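The residues making up each chain are set out below.
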Amino acid sequence: MMPGRSPAARFEGALLRRGDRAYDTARAAAVWNGLKPARFPEAIVQAASERDVLEALAFARSEGFRVSTRSGGHNWSGSQLRDGSLLIDLSGLRQCSVDPGSMTAAAGPAVTGGDLVRALAPFDLAFPVGHCPSVAVGGFLLSGGLGWNSRAWGPSCADVLEIRVVTADGRTVTCSETENDDLFWAARGAGPGFFAVITGFRLRLHPHPGAVVTTSITFPLAATGPVAAWAAGVARELPANVETALVLTASGEPTATAPSGPRILVGMTAFATTHEEARAALSPAQSCPLSDSAVALQAPEPTSFARLHQGADAVWPSAHRYAADTLWSEETYETQLNRMAAAISRAPSGRSLVLAPVLPVSEDPALLRNMAFSPLGTSYLVCYAIWDDPAADGTNAQWLRDAMTSADPSGHGGHYIAETDLEADASRARRSYAPADWDRLQELKAAWDPENVFHSYLAP
């Protein structure tokens, strides 16, 4: 920082200290979740440029603050809020440019999935963006990224070609497969424990699918076991460009054949070259041997990334309170979802749900190389408690933890760092990585951040 100037004057953006008039609004805005953790940074820098990030790190050193960062704030545990720290808020770094000739894009960390879909559409290009449109690429890609069509395209971080990073000692470096490759490895999976600040990504793009088609079948919750067994078996035989997800919902509208109540839905989305190819890929859903017990059937219909995002927005609306946790397991979807069906039937909120994508990411080793992220089981699920009454915080949070304990009675399951309940127990972060990868992350943290400037993983 330049001498002789007030700290606030050194920033193009804003420096807000705890107690300032705008501080409470900025702290609340740093967490998308309506449930705000009771943790209070001493200061927040709302960065307007990369230079602001450099100034923020200098300011943190001068004040003796440790540092956390946020780009979009979707992390359910609110890792970005730490007591006594400096929060570098990157939500202003939302620049995005597309080079159709090289099929690449340059994106700031706060560019959202919705932003990227809109930017790429005129060029007939695509990227495996997050399933919710308001998820920013910063935290999403840092955590690995389980995005749309990830079974075919791989984890979204596989399409990160280069990153621009500000390190703990105030240097700006470029990282790629050939330059600072160890930091590049960590940036593709380390999530909220990353030990630097990413100010920009260069992304590899894909030709936009010629047709995106979706279909679904809904059953009563009592059919969970056979439905999960059928869907998991079929999904593994489908082409890689078909995304299959099972969703357990705590409530469902009455239909002509069933009263209101909990449901299990099987949704399939094909990202294909032609509409005919997509419909053919989805044909197993139309010949489901369990269809006689279905309560609703959505015939295959054309859709788009934008419409898929609209559907996700309806399931995960803003201005609600959330708690979430993840589980990778070696057990079958039938076993896991039977356990979760018992839990969802007791959910205190009718909005709560369990999402279980089958093969949520490519198994191709070539698409999983040189990254801290890796799939840690043969089945995967995420449980979301969703409610809106602050008086019900404790009830819903406890329901989530009880549900996840029932799903993983041995306690040996793995987790996905982007959405796991980091405060559930001290092993959550460690169990989000293969053991050798966890050890390497600790070694790289010590090498790149020897003074422990950046907060590591949130823990109880």
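Procedures and definitions
Residues numbered from 1 in each chain as written. Predicted model: local features only at pLDDT ≥ 70, side-chain atom pairs only at ≥ 80, totals over all residues. Heavy atoms only, no water. UniProt positions renumbered as here; feature names shortened; annotations may be inferred. Helix = DSSP H or I, 4+ residues; strand = E, 2+ residues; numbered from the N terminus. Buried < 20%, exposed > 50% of the residue type's maximum accessible area, 1.4 Å probe, protein only. Contact = heavy atoms within 4.5 Å. Polar contact = N/O pair within 3.5 Å; in protein donor to acceptor, adjacent residues only side chain to side chain. Pairing = 2+ DSSP bridges. Axes fitted to C-alpha atoms, helices over the stretch in contact; angles between N-to-C directions. Phe/Tyr/Trp six-rings, centres within 6.5 Å; stacked < 30°, edge-to-face > 60°. Lys NZ or Arg CZ within 6 Å of the ring centre and 35° of its normal. Parallel < 35°, antiparallel > 145°, perpendicular 65-115°, else oblique. Left-handed = near helix turned anticlockwise from the far one by under 90°. Nonpolar A, V, L, I, M, F, W, Y, C, P; charged D, E, K, R; others polar.

- If you look the protein chain up in an unreviewed UniProt entry, it shows as FAD-binding oxidoreductase from Streptomyces roseoverticillatus.
- Reading the Cofactor (unreviewed entry) entry of the UniProt record for the protein chain gives the comment "FAD".
- Under the UniProt heading Sequence similarities (unreviewed entry), the entry covering the protein chain gives this text: "Belongs to the oxygen-dependent FAD-linked oxidoreductase family."

**A closer look at the UniProt feature "domain: FAD-binding PCMH-type" (unreviewed entry) in the protein chain**
Thinking step 1. Mapped onto this numbering, the UniProt entry annotates "domain: FAD-binding PCMH-type" (unreviewed entry) at residues 37-208.
Thinking step 2. For residues 37-208, the helix share is 23%, the strand share is 25%, and the end-to-end C-alpha distance is 39 Å.

**Description of the environment of serine 352**
Thinking step 1. For serine 352, the location among the structural elements is in the loop between helix 11 (333-344) and strand 17 (353-358).
Thinking step 2. A residue is classified by how much of its surface remains accessible, and serine 352, at 1% relative accessible area, is buried.
Thinking step 3. As for serine 352 and serine 456, which are separated by 104 residues in sequence, their C-alpha atoms are 30 Å apart.
Thinking step 4. Contact partners of serine 352, with chain neighbours within four places excluded, come to Leu248, Thr249, Ala250, Ile344, Ala347, Tyr384, Ala385, Ile386, Asn396 and Trp399.
Thinking step 5. Polar side-chain contacts of serine 352 include one of 3.1 Å to the backbone nitrogen of isoleucine 386.

**What about the sheet that holds strand 12 (residues 211-220)?**
Thinking step 1. Taken together, the 7 strands give an open sheet; going across it, the order is 15-12-14-13-17-18-16, and neighbouring strands pair in antiparallel fashion. Every interior strand has two partners, whereas the edge strands, strand 15 (296-303) and strand 16 (321-329), have only one. Ignoring strand direction, the axes of neighbouring strands in this sheet form an average angle of 15°.
Thinking step 2. In this sheet, strand 15 lies alongside strand 12 in antiparallel orientation, the contact comprising 6 bridges. Within the sheet, the bridge partner assigned to serine 216 lies in strand 15 and is glutamine 298.
Thinking step 3. Those strands touched by helix 11 are strand 13 (242-249), strand 16, strand 17 and strand 18 (379-387), and its axis lies near 170° from that of strand 17.

**Considering the sheet that holds strand 5 (residues 96-99)**
Thinking step 1. Spatially, the 5 strands line up as an open sheet ordered 5-6-10-8-9, and their pairing is antiparallel. Both outer strands of the open sheet, strand 5 and strand 9 (172-175), are each paired with one neighbouring strand and no more. Direction aside, neighbouring strands of the sheet carry axes that sit 15° apart on average.
Thinking step 2. Where strand 8 (residues 160-166) and strand 9 come together, 4 bridges link them in antiparallel fashion. Counterpart to arginine 164 in the pairing with strand 9 is threonine 174.
Thinking step 3. Its contacts with the sheet place helix 2 (residues 50-63) against strand 8, strand 9 and strand 10 (197-204), and it is angled at close to 45° to strand 8.

**A short note on the pairing of strand 4 (residues 86-89)**
Thinking step 1. Judged by which residues are buried, strand 4 turns out to be covered on both faces: Leu86 and Ile88 on one side and Leu87 and Asp89 on the other are all buried.
Thinking step 2. Sheet analysis places strand 2 (residues 43-46) next to strand 4, joined by 4 bridges and oriented parallel. The residue of strand 4 that forms the bridge with alanine 43 is leucine 86.
Thinking step 3. Pairing between strand 3 (residues 67-70) and strand 4: 4 bridges, direction parallel. Of the residues in strand 4, the one forming a bridge with arginine 70 is aspartate 89.

**Things to note about the packing of aromatic side chains**
One pair of aromatic rings is described through two measures. These are the centre distance and the angle between the planes.
Thinking step 1. Tallied over the entire structure, the rule returns 16 aromatic pairs.
Thinking step 2. Plain terms: the ring middles of tryptophan 76 and tyrosine 384 are 5.9 Å apart, the flat faces sit at 75° to each other, and that makes the pair edge-to-face. On the criterion of sequence distance, the pair formed by tryptophan 76 in the loop between strand 3 and strand 4 and tyrosine 384 in strand 18 is long-range, its members being 308 residues apart. Like tryptophan 76, the residue tyrosine 384 is buried in the burial classification.
Thinking step 3. Here the aromatic rings of tryptophan 328 and tyrosine 380 are separated by 4.5 Å at their centres, their planes lie at 40°, and the arrangement is tilted. Of the two residues, tryptophan 328 sits in strand 16 while tyrosine 380 sits in strand 18, which places them 52 residues apart along the sequence.
Thinking step 4. Here the aromatic residues Trp32, Trp76, Trp316, Tyr322 and Tyr384 are joined through ring pairs into a cluster of three or more.
Thinking step 5. Positioned over the ring face of tryptophan 185 is arginine 440, at 4.3 Å from the centre of the ring.

**Re the packing of helix 3 (residues 113-120) against helix 10 (residues 305-315)**
Thinking step 1. At a minimum axis distance of 10 Å, the contact between helix 3 and helix 10 shows a crossing angle of 160°. Here helix 3 lies roughly antiparallel to helix 10, going by the angle between them. For helix 3 against helix 10, the interelement crossing comes out left-handed. Counted together, Gly113, Gly114 and Val117 of helix 3 and Phe305, Ala306 and His309 of helix 10 form the full contact between these two elements.
Thinking step 2. Classifying every residue of the contact of helix 3 with helix 10 by side-chain character gives 3 nonpolar, 3 polar and no charged.

**Examining the side chain of serine 77**
Thinking step 1. Relative to the helices and strands, serine 77 is located in the loop between strand 3 and strand 4.
Thinking step 2. With near-sequence residues (within four places) excluded, serine 77 lies in contact with Pro37, Arg39, Thr420, Asp421, Leu422, Glu423 and Leu458.

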